Structure formats: structure tokens, C-alpha cells
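Residue-level structural notes
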Amino acid sequence: MTQDTPTIPIKFIEAMLKDGLINKDTFATLRVKLRSLPASQHPIQGIAPLNLKHAQQEKVELDDQYLSEWYATRCGMECVELDPLKLDVDAITDVMSKAFAQRHKILAYSVNANSVTVATSEPYVTGWVSGLEHILRKEVKRVFASPIAIDRYQKDFYVLSHSIKGAKSEHYQEIGSGNLEALIELGKAGEVDANDQHIVQIVDWLLQYAYSQRASDIHVEPRRERGNVRFRIDGVLHKVYEFPGAITNAVLARFKIMGRMDIAERRKPLDGRIKTKAPDGQEVELRLSTLPTAFGEKLVARIFDPGVLNRDFSALGLDKNIEKKWLSMVHQPNGIILVTGPTGSGKTTTLYTTLKLLAKPEVNICTIEDPIEMVDPNLNQMQVHHDIGVDFARGIRALLRQDPDIVMIGEIRDKETADMAVQASLTGHLVISTLHTNDASSAITRLIDLGVEPFLVNASLLGVMAQRLVRTLCPSCKSKVDVDEAAWQHMVAPFPLKAPKQIYQPVGCRHCRKTGYLGRQGIYEMLSVNSKVKKLIHSKCDVGPIRDQALKDGMSLLRISGAMKVAQGATTIEEVLRVASPEMEM
């Protein structure tokens, strides 16, 4: 091809045929389809949406990134994947104007003191390089990127940059302080309008990227002069962007308006919720929480995946044995069942999956939550309102007058709530709740510490399931490795669990954003309160004997459940030890 000749569709699919990506039948089909492709579009933009499979490798999908990597290699170029969480949007959009980027179908990828790396999907179009080098007085390096990604991020990045610059140009007063007292006083000062179109676009951008990147939480954190935005993805926080102080406060205020929260109140923590519709049409709920800090309000928006309500237990990571015991418990007519674990361990997901299973037309399920985390039309859900005296205990009393079959209590936090839960179970109701303890055995001593009489624990408690979340290995890039015998024995000690010969380790690819992990699953331990365990429950009982008896009865500890997932190739020893080390059982 000659210089400045765009990629010709027929030549492109001929190369695909020659390299074995497609067969002759697919070639004939593509030849017809690409005739209607607009001249301004790259062949990859016409082929990728067809979801074709590789002719010689059935598991390989010919998506835009695969085709880009193949074509880049064929043209002798490096191929990159545009990751919005790793790119400096400000620096990228300052390199060239939006008009210049769109005209040449390019996007700056990285910038340093001496050079600029620019992503393009046209290897043989180079006429723009010399002009850009002359303007920037820097060397321009070219890398290949998906034309679909370039087109998308051209629009998104320049819209975001325009919104940031537009908000900055208003010269509003920034709100910041070195201490909490000054923060409260300055909270009355003028600021960027949270309804300003620039701010609306910035928040829209944040939400869309949070959804597309599978984030579970959005953190908006004020600092002395600037504010940080971070996403939690698969349990790990990633920095996304830095905003000037005034814009950070306006973004936070926009979230508060959307969540119907009091934007004038900055002195105390507030809660709210937002219901949004994602670009794919799926409704997504966010739970908002603000906290006054030294430099202003910090906001966390927890994103609730609506797909949670449609998952089965195998998708949560329960093995068949624990699933069978759990289902046997939750189908009992009365008693208390507890799910334990720290914040972010997946307890809510387990509860909602269980309630979804139990929600039949002939069953009345009532919940009392603080706050209601996911709205389900099959449940009668009540929210705690401490400001008007409706706490968990009072809520349970009200629910018991609603003729419930099953009562779900968001969390047992104090003696009064624990006593009400026990009374509800003793009067013929199945009660499901959560408790913050390190393991299943500790839940029994925790109830007694809260003030529940041991004989009432004996009479009401059916069982306890403890859980944690471990990151699961990316199926696209994980690789086998010989097991580290010492690490394995540390994980399973003192149990004589034989180590497999090989396990999997994380590698990192475009599917998992180079982390090696994609998604999370639960590891579990299930304690059934049988007659032998009940004999150990008394006012001065200790966790150790209860755990020992449960182990004799067949309970597997959290890390043993994790070891099984390591042996199955689902996760790693390091992940299991991160959330369930032997030291936690001391």
C-alpha cells in the first residue's frame, strides 16, 4: 500500500482468509456485507459486531481487539488497548484538538517531555505525523489501537475534557479547609452549580465508566487542593481521575441531588440511593453514603448489580455439599440462620439470592434493612429510620404483626435486635440475618456477648455460614505452574489435605485489564447447630471447642474451602491467604 492509503476492506478480508482467520464461506459473506460499510469506517468496525469465531480456533472470537492485534502484527506495529482507567485524559486531550483527532481518526495515548505516542488504526496513513511534530516540537510515535475504541474514547475524553475546562472557566470559589471546623463554616460559600451541564456530563461519564469497568464502588474523595475519584474493581481500588477542588465538590453535590439528599447538610453523614439506566438498558441501583472529612465531604456510591437477583448458588461459589446444607436450613419452618463476615464479603448477595429462591406466592417474606440495598417486588421490604425511632428492634415488632413466614433482618447489632430475632424464631418464624464475626463458630459466642441467654441460642439457632470473597483467575490468560508445597501446607495446616501437582497463576490480559483476575466468588464454612454443638453452648463457652466439634461433624474452614477452589483452578493460594489466613482463627 502507498502512503496515506486507508485500509481497503477487500484487502483486509483477503488477508484474514490468507491467515486462516476465516474460511471461504465467511469471506464471501463479509465481501457482501462490507460493500455497505461507509467509506469513513474501518473494516474492523464492520466485522467486529458480527461476533464471528476464528476459523481454526473455535474459542477465539474475532472481536475488535483481536482483529486489531492481528492486523497490527501483520503491519509491523505495536498494538495497545485503550484503558480509560490508565490514561491521563487531561494530557491526552491537550496534545491535539478534537477536530484534528477526529479528522485523522487518531487519539493521543501517552505524553512525556520528549515524545507523544498516538494511537491509530490506519498503519499506512502517516501524513498527519510531520504536521503534529512541527506543532508540538516533539517526536511522534505511532501505535495501533482498535478503531472502535479510538472512536469511542475520542468522544468520551473530549466531552469530559470540555466539561472540566468549562467548569473551571466559571471561576467559582473552591471549598476546602485544613480542619473540620473550617470545613463546616466554609460549607455556606458559593460553589460550582451541581446542575451545571458540565457537571452533569462529568457525573454521567463517571457512572458509565463505573458500569463498563465492573466497578462495585465509586469513591469521591476531597483533598486539600484537588479531589480523587477511585473505582473498586474486584475488591481492589483503582485511581480514575483527579478533579480541582471546586469541581470535586460540585460532582459530590450532583450525586447528592440525584440521591435526594440534603445538599446543604455537610456536617453529618448522610445516606441516599439512585436508580439509573445503563447504556444497555439495564436498571442499576446505587447506594450513596457521605462522610465529613478534614477537606470536605467524602462520598461512596455502592453499585448493586441487578443480575445478583437472578444468580444461583453455584454462581456464588457454593459447592454442592454446602449448598445442600444451606438449602436444608432455609427450608425449615422456624429458627435463626446467620450469615457472617466482614463488610464487602458478599453477605447481602447471599441473602438476596436465598430470598429470591424462597419467594413463592404462598410465602410472605418481610425484611427490615438499613438501608434497603436491592428492591425486589417479590419481597415486603422495610427500611430503618433512626431519626424517627424506627430501629431494627421496633421494625421487627412491626413485621411480626404482618403475618410473615420468613423475616430477614439486615444485621443483628445489639441485644434488643438479637432478643427480637430470637423471639421471632421461637414464635414460628424463620429468621435470616447477618452478624459481623470472623468465622462461623464465633457467631455463637457473639450472640451470648450481646446478651442472649445461652438456652435461647440453643433453642433458636439452626446454623451459621461464614463467607469471604476471593478474586477468580481470568480464564483467558491463567497459566499452570507447579504448586509451592510450603505455601500449600501453610494454607491448609494442620489438615492433611494433599496438594495438587499443578495449580494456576495469574498472568494478565486485555480481558482482565492486565490483573490476571476477573470477577469474584465466595468461599464458605457452614456450621450446623446439632445436639453435640448445643451441649457446648453455655454462658462461659469458648470458640475453640465449638469449632473443634463442628470440624468433627464435617465443617470445612474458610481456607479449606479456598484450597478446593485453588485445586480447581479458580483462584490462587495468595488470594485465599489474603482473606482467610490461619492466623485469623487464633
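The rules behind these values
- Residues numbered from 1 in each chain as written.
- Predicted model: local features only at pLDDT ≥ 70, side-chain atom pairs only at ≥ 80, totals over all residues.
- Heavy atoms only, no water.
- Pairing = 2+ DSSP bridges.
- Helix = DSSP H or I, 4+ residues; strand = E, 2+ residues; numbered from the N terminus.
- Axes fitted to C-alpha atoms, helices over the stretch in contact; angles between N-to-C directions.
- Parallel < 35°, antiparallel > 145°, perpendicular 65-115°, else oblique.
- Left-handed = near helix turned anticlockwise from the far one by under 90°.
- Contact = heavy atoms within 4.5 Å.
- Nonpolar A, V, L, I, M, F, W, Y, C, P; charged D, E, K, R; others polar.
- Buried < 20%, exposed > 50% of the residue type's maximum accessible area, 1.4 Å probe, protein only.
- Salt bridge = Lys/Arg side-chain N within 4 Å of Asp/Glu carboxyl O.

Focus: the sheet that holds strand β2 (residues 115-120)
Taking strand neighbours across the sheet as the criterion, the three strands line up as β1-β2-β3 in an open arrangement whose pairing is mixed. Each edge of the open sheet is held by one strand with a lone partner, namely β1 (106-111) and β3 (139-144). On average, adjacent strands in this sheet sit at an angle of 30° to one another, irrespective of strand direction. Pairing analysis gives six bridges linking β2 to β3, with the strands arranged parallel. Paired with Thr-117 across the two strands is Lys-141, which belongs to β3.

Section: the packing of helix α15 (residues 392-400) against helix α16 (residues 415-426)
Packed helices, taken two at a time, are described by the angle their axes make and the gap between the axes. Viewed as axis vectors pointing N to C, α15 and α16 meet at an angle of 20°, and their least axial separation amounts to 8 Å. Here α15 lies roughly parallel to α16, going by the angle between them. In this structure, α15 meets α16 at a crossing whose hand is left-handed. Between α15, through Phe-392, Ala-393, Ile-396, Arg-397 and Leu-400, and α16, the contact on the second element is made entirely by Glu-416, Thr-417, Met-420, Ala-421 and Ala-424. Grouping the constituent residues of the contact of α15 with α16 by class yields seven nonpolar, one polar and two charged.

A short note on the packing of helix α10 (residues 197-212) against helix α11 (residues 245-258)
Remark: α10 packs on α11, axes separated minimally by 10 Å, with the N-to-C direction vectors making an angle of 75°. Looking at the two axes, α10 sits roughly perpendicular to α11. Judged by residue contacts, Ile-199, Val-200, Ile-202, Val-203, Leu-206 and Leu-207 of α10 engage Ile-247, Ala-250, Val-251, Arg-254, Phe-255 and Met-258 from α11. A breakdown of the residues in the contact of α10 with α11 according to their chemical character gives 11 nonpolar, no polar and one charged.

Quick notes on the sheet that holds strand β18 (residues 517-528)
If you walk across this open sheet you meet the seven strands as β12-β11-β13-β14-β10-β15-β18, and the pairing is mixed. This sheet does not close on itself; its edge strands, each paired only once, are β12 (380-383) and β18. For this sheet, the mean angle separating the axes of adjacent strands, direction not counted, is 20°. Here 10 bridges tie strand β15 (residues 461-473) to β18, and the two strands are oriented antiparallel to one another. Within β18, the position partnered with Gln-467 by the bridge is Tyr-524. Strands β10 (335-340), β14 (430-435), β15 and β18 of the sheet are contacted by helix α13 (residues 320-330), whose axis makes an angle of about 60° with β18. Along the sheet, helix α14 (residues 347-358) contacts β10, β11 (365-369), β12, β13 (406-409), β14, β15 and β18; its crossing angle with β14, the most-contacted strand, is approximately 165°.

Digging into the pairing of β11
Most of β11 is tucked away: five of the five residues are buried. Side-chain alternation along β11 places Ile-365, Thr-367 and Glu-369 on one buried face and Cys-366 and Ile-368 on a second face that is also buried. Both β11 and β13 contribute to a ladder of four bridges, which runs parallel. Bridging across to β13, Thr-367 finds its partner in Met-408. In terms of strand pairing, β11 meets β12 through four bridges, oriented parallel. Across the sheet, Glu-369 pairs through a bridge with Gln-383, a residue of β12.

Side note on the environment of Ala-459
Within the element layout of this structure, Ala-459 appears in helix α18 (residues 454-460). Each C-alpha atom, one on Ala-459 and one on Gly-317, is 30 Å from the other, the two residues being 142 residues apart in sequence.

Topic: the pattern of salt bridges
Applying the stated criterion to the full structure yields 21 salt bridges. Residue Asp-370 is joined to Arg-413 by a salt bridge in which the shortest nitrogen-to-oxygen separation is 3.2 Å. One end of the pair, Asp-370, is in the loop between β11 and β12; the other, Arg-413, is in the loop between β13 and α16, and 43 residues separate them in sequence. Taking relative accessible area as the criterion, Asp-370 reaches 25% and is therefore assigned partly exposed. Classification of Arg-413 by relative accessible area gives partly exposed; the value is 36%. Salt-bridge contacts for Glu-575 lead to Arg-471; the nearest nitrogen and oxygen are separated by 3.1 Å. Within this pair, whereas Glu-575 is found in helix α23 (residues 573-579), its partner Arg-471 is found in strand β15, the two being separated by 104 residues in sequence. For the pair Glu-575 and Arg-471, one class covers both residues: buried.

Re the environment of His-511
Within the secondary structure, His-511 sits in the loop between β17 (502-505) and β18. With 446 residues separating them in the primary sequence, His-511 and Gln-65 have C-alpha atoms 9.9 Å apart. Not counting chain neighbours up to four residues away, the residues in contact with His-511 comprise Asp-63, Cys-474, Ser-476 and Leu-518.

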